[in-house]
There are 2 protein chains.
Amino acid sequence: MQPDKVPALAALPRPASLVEQVVAALRAEVAAGRFARTARLPAEQALSTTLGVSRTVLREALAQLKADGVLVSRKGSGVYVSATPAGNAFRLPAVGGEPERLREVFELRYYAETGAAELAAARRGPADLRRLQAALRAMRARGAAAADAAFHRAIAVATQNPHFVALVDLLSGQLHQVIAASWENAARVAGGPRDAIREHAALYRAIRSGDPAAAREAAAAHLTGAARRWGLALGGAPARPRRGSGR
Amino acid sequence: MQPDKVPALAALPRPASLVEQVVAALRAEVAAGRFARTARLPAEQALSTTLGVSRTVLREALAQLKADGVLVSRKGSGVYVSATPAGNAFRLPAVGGEPERLREVFELRYYAETGAAELAAARRGPADLRRLQAALRAMRARGAAAADAAFHRAIAVATQNPHFVALVDLLSGQLHQVIAASWENAARVAGGPRDAIREHAALYRAIRSGDPAAAREAAAAHLTGAARRWGLALGGAPARPRRGSGR
DNA sequence: GCTGTATGGTAGCCTGGCAACCTGGCAGTC
DNA sequence: GACTGCCAGGTTGCCAGGCTACCATACAGC
């Protein structure tokens, strides 16, 4: 049997809702520089009629763009293009079964996690080490994906930079199903979860010792190992720091 | 006179709009695990009455949470908690004048850009090199912040990973004012823009030569240099890979 | 046991409207 | 002439109500 073969019939693509279309249109308009920075947009009434949608739909779209930092609105005055039209949000497409998407997201995770490990080694406090050790223990006892996520989250927290926490949370959340499947299938792979736990332990030791370079390399080794275990080719070019056989 | 001294009176904090409050409340509710994963939420009518807001306000909030991947809705059926409740969006707070926020964002940029440089060196094609060279030329001729942004964007494009492009765009957009000010004030700093251009050129050569490790180090050197030039202490711990002078 | 159908419920979308607020200009004052 | 206070028009924030397309479930029919 082919256990982890996703059925070929994926969820049918639905027609985009009106709100989504309006969001995309306005975003494109702003990105194309159609409105100058900090320029005022037409009033909601006018915009809704020119776009041919009701004001409520337009307002839902505007709310999203305001939340993304693309637009700002001042009550009684109008809606303006933000001073930072690129926005303040970074979105990932839903990573479904497509291996290409998966590889791209994993690649990002590789650099986020290696960077976090490097920083964490330099800044970790005793509480961070306790958290890491607890996650490691849980992993050894039950070997669950939850402990894996907790471990990596603890590294992000140890960086003392909240953005790393948010980024790692986002990426591990997106890869959650994959990670869970990985732990379940780990038993079948030669080496099984033993490799994963060994890699985590090495990463923990490197962070504890306070050696940023060692932590980076341990994280890199772990992530390339994880990619290999669930059959992800970090293809095209080495995402590994060196062409050597690893240390 | 004190040209770049921001007036002490910043923009007054406005009371959060109803929509923002509803978004925050629902997000917290989901994050707290109040609703199980993939569970159905109460109907919009019911939710709006329990929250004490109109349905239009609730819908604007739901639209944001759907865009963030926290919720999904099926017409005719209901609104459900997403399978990935952590969402698919990563948000940065508006980086104003606070140096602490600036340092955090810049730290993230450091790792995004060094990673992108490493990947770019392995995957760059001839078109990428042309773009990089053009940006470098523009930088030498006019030394503008725009050329700087174009250069770093070209590196992200060369990774052939669209997420790197999005992330670099986001971060450089957020740091835009700072970067622009940096170029304007560069003339006053000893070394001036000469250092910046030299660093960019070195990074370009490393990417052209196809050596990922060299590209990473060149990017690291450039970013630490940039941080130093505009008086940003990448404090607490070294953000540089090694204490040595490089390999 | 399976298939088709009726029914209640739900989200998507629209119309219309009111209050709070902002902006620009005007009259009045020093 | 410069400044202050005020007014009117325009704009966003928020609300109420309603209609349609769609979904899920139960039920009748085969």
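Residues numbered from 1 in each chain as written. Chains lettered and ligands numbered in written order. Predicted model: local features only at pLDDT ≥ 70, side-chain atom pairs only at ≥ 80, totals over all residues. Heavy atoms only, no water.

1. A few points about the interface of chain A and chain B
Residue-level contacts link 51 residues of chain A with 52 residues of chain B. Here chain A and chain B share an interface that buries about 4600 Å² over both sides, 54% of which is from carbon and sulfur atoms. The three residues of chain A that bury the most area against chain B are F90(A), Y111(A) and H163(A), which together make up 16% of that side's buried surface. Between chain A and chain B we count six salt bridges in total. Among the ionic pairs, D68(A) bridges to R91(B), the shortest N-O distance being 2.7 Å. On the surface where chain A and chain B come into contact, there are 19 residue pairs in polar contact (both at pLDDT 80 or more). (Contact = heavy atoms within 4.5 Å. Buried area = accessible area lost by both parts, 1.4 Å probe. Salt bridge = Lys/Arg side-chain N within 4 Å of Asp/Glu carboxyl O. Polar contact = N/O pair within 3.5 Å; in protein donor to acceptor, adjacent residues only side chain to side chain.)

2. Quick notes on the relation of the copies chain A and chain B
Structural alignment of chain A on chain B gives an RMSD of 0.2 Å, achieved by rotating through 180° and translating 0.1 Å along the axis. One copy is carried onto the other by what is essentially a two-fold rotation axis. The residues that chain A uses at the interface reappear at the interface of chain B in 100% of cases, marking a shared surface. (Least-squares fit on C-alpha atoms with pLDDT ≥ 70 in both.)

3. A word on the packing of aromatic side chains
Evaluation of the coordinates by the stated rule reveals four aromatic pairs over all chains. Note on F164(A) and Y111(B): the rings are 5.7 Å apart at their centroids and 75° apart in plane angle, and the pair reads as edge-to-face. Taken as a pair, F164(A) in helix α7 (residues 162-174) and Y111(B) in helix α4 (residues 99-123) lie in two separate chains rather than in one. In this structure, F164(A) and Y111(B) share a single accessibility class: buried. Feature note: the residues Y110(A), Y111(A) and F164(B) constitute an aromatic cluster, connected by ring pairs. A cation sits over an aromatic face here: R74(A) above Y80(A), 4.5 Å from the ring centre. (Phe/Tyr/Trp six-rings, centres within 6.5 Å; stacked < 30°, edge-to-face > 60°. Helix = DSSP H or I, 4+ residues; strand = E, 2+ residues; numbered from the N terminus. Buried < 20%, exposed > 50% of the residue type's maximum accessible area, 1.4 Å probe, protein only. Lys NZ or Arg CZ within 6 Å of the ring centre and 35° of its normal.)

4. Section: the protein's contact with DNA strand C
Around DNA strand C lies a shell of 26 residues, among which L18(A), V57(A), R59(B), S73(B) and G76(B) are the nearest. In DNA strand C, atoms within 4 Å of the protein come 74% from sugar and phosphate. S54(A) places a side-chain nitrogen or oxygen 3.0 Å from a phosphate oxygen of DNA strand C. Between DNA strand C and E44(B) there is a distance of 3.1 Å, counted from a phosphate oxygen to a backbone nitrogen or oxygen. Elements that contribute at least two residues to the surface near DNA strand C include exactly α1 (18-31) and α3 (55-67) of chain A together with α3 (55-67), β1 (71-74) and β2 (78-81) of chain B. (Near = heavy atom within 4 Å.)

5. Here we look at the protein's contact with DNA strand D
Close to DNA strand D lie 26 residues, the nearest being R59(A), S73(A), G76(A), L18(B) and R55(B). For DNA strand D, the backbone portion of the atoms within 4 Å of the protein, that is sugar and phosphate, comes to 73%. A distance of 3.0 Å is found between a base oxygen of DNA strand D and a side-chain nitrogen or oxygen belonging to R55(B). The residue makeup of the surface near DNA strand D, split by class, is six nonpolar, nine polar and eleven charged. (Nonpolar A, V, L, I, M, F, W, Y, C, P; charged D, E, K, R; others polar.)

6. Observations concerning the packing of helix α4 (residues 99-123) of chain A against helix α10 (residues 212-229) of chain A
Residues and elements named next belong to chain A. It is the contact of α4 with α10, at a shortest axis distance of 8 Å, that shows an interaxial angle of 150°. Classified by the interaxial angle, the pair formed by α4 and α10 is roughly antiparallel. Note that α4 runs across α10; the crossing there is right-handed. Touching F106, R109, Y110, E113, T114, G115, A117, E118, A121 and A122 of α4 are P212, A215, R216, A219, A220, L223, T224, A226 and A227, all from α10. Partitioning the contact of α4 with α10 into residue classes produces twelve nonpolar, three polar and four charged. (Axes fitted to C-alpha atoms, helices over the stretch in contact; angles between N-to-C directions. Parallel < 35°, antiparallel > 145°, perpendicular 65-115°, else oblique. Left-handed = near helix turned anticlockwise from the far one by under 90°.)

7. Focus on unusual backbone geometry
Residue and element names in this part refer to chain A. Even without a glycine there, the phi angle at T38 is positive, about 65°. Relative to the helices and strands, T38 resides in the loop between α1 and α2 (44-51). Taking relative accessible area as the criterion, T38 reaches 48% and is therefore assigned partly exposed.

8. Quick notes on the pairing of β1(B)
All names here are of chain B. Bridge count for β1 against β2 is four bridges, and the pairing is antiparallel. Of the residues in β2, the one forming a bridge with S73 is V79. In this antiparallel pair of consecutive strands, β1 and β2, the connection spans three residues, and G76 shows a positive phi of 85°. (Pairing = 2+ DSSP bridges.)

9. What to know about the confidence of the model for chain A
Residue and element names in this part refer to chain A. The predicted model of chain A averages 84 in pLDDT, with 83% of residues at 70 or higher. The lowest-confidence element of chain A is helix α8 (residues 176-186), averaging 67 in pLDDT; the highest-confidence one is α3, averaging 96. In this model residues 1-7 is a low-confidence stretch, pLDDT under 50, and it forms two contacts with partners more than four residues away in sequence or in other chains. (pLDDT = per-residue confidence, 0-100.)

10. Quick look at α4(B)
Along its 25 residues, α4(B) runs 35 Å from first to last C-alpha, staying within 8% of the 36 Å computed at 1.5 Å per residue. Most of α4(B) sits inside the fold, with 21 of its 25 residues counted as buried. (Expected span 1.5 Å × (residues − 1).)

11. Observations regarding the pattern of salt bridges
Within the structure shown, the criterion is met by 30 salt bridges over all chains. A salt bridge links E44(A) to R55(A); the nearest nitrogen and oxygen atoms lie 2.8 Å apart. Taken together, the residues E44(A) in helix α2 and R55(A) in helix α3 connect sequence positions eleven residues apart. Among the residues examined, E44(A) registers a relative accessible area of 15% and is labelled buried. Taking the shortest distance from any N to any O, the salt bridge between R131(B) and D128(B) comes out at 2.8 Å. On the criterion of helical spacing, the pair formed by R131(B) and D128(B) is a turn pair, its members being three residues apart in helix α5 (residues 126-142).

12. A look at the environment of Y80(B)
Residue and element names in this part refer to chain B. Its place among the elements puts Y80 in strand β2. In this structure Y80 comes out as buried when scored by relative accessible area, which is 14%. Through-space distance from the C-alpha of Y80 to that of K66 is 9.6 Å; in sequence the pair is 14 residues apart. The contact partners of Y80, leaving out residues within four places of it in the chain, are T38, A39, R40, L41, V70, L71, V72 and R74. Among the polar contacts made by the side chain of Y80, one reaches the side chain of S77 at a distance of 2.5 Å.

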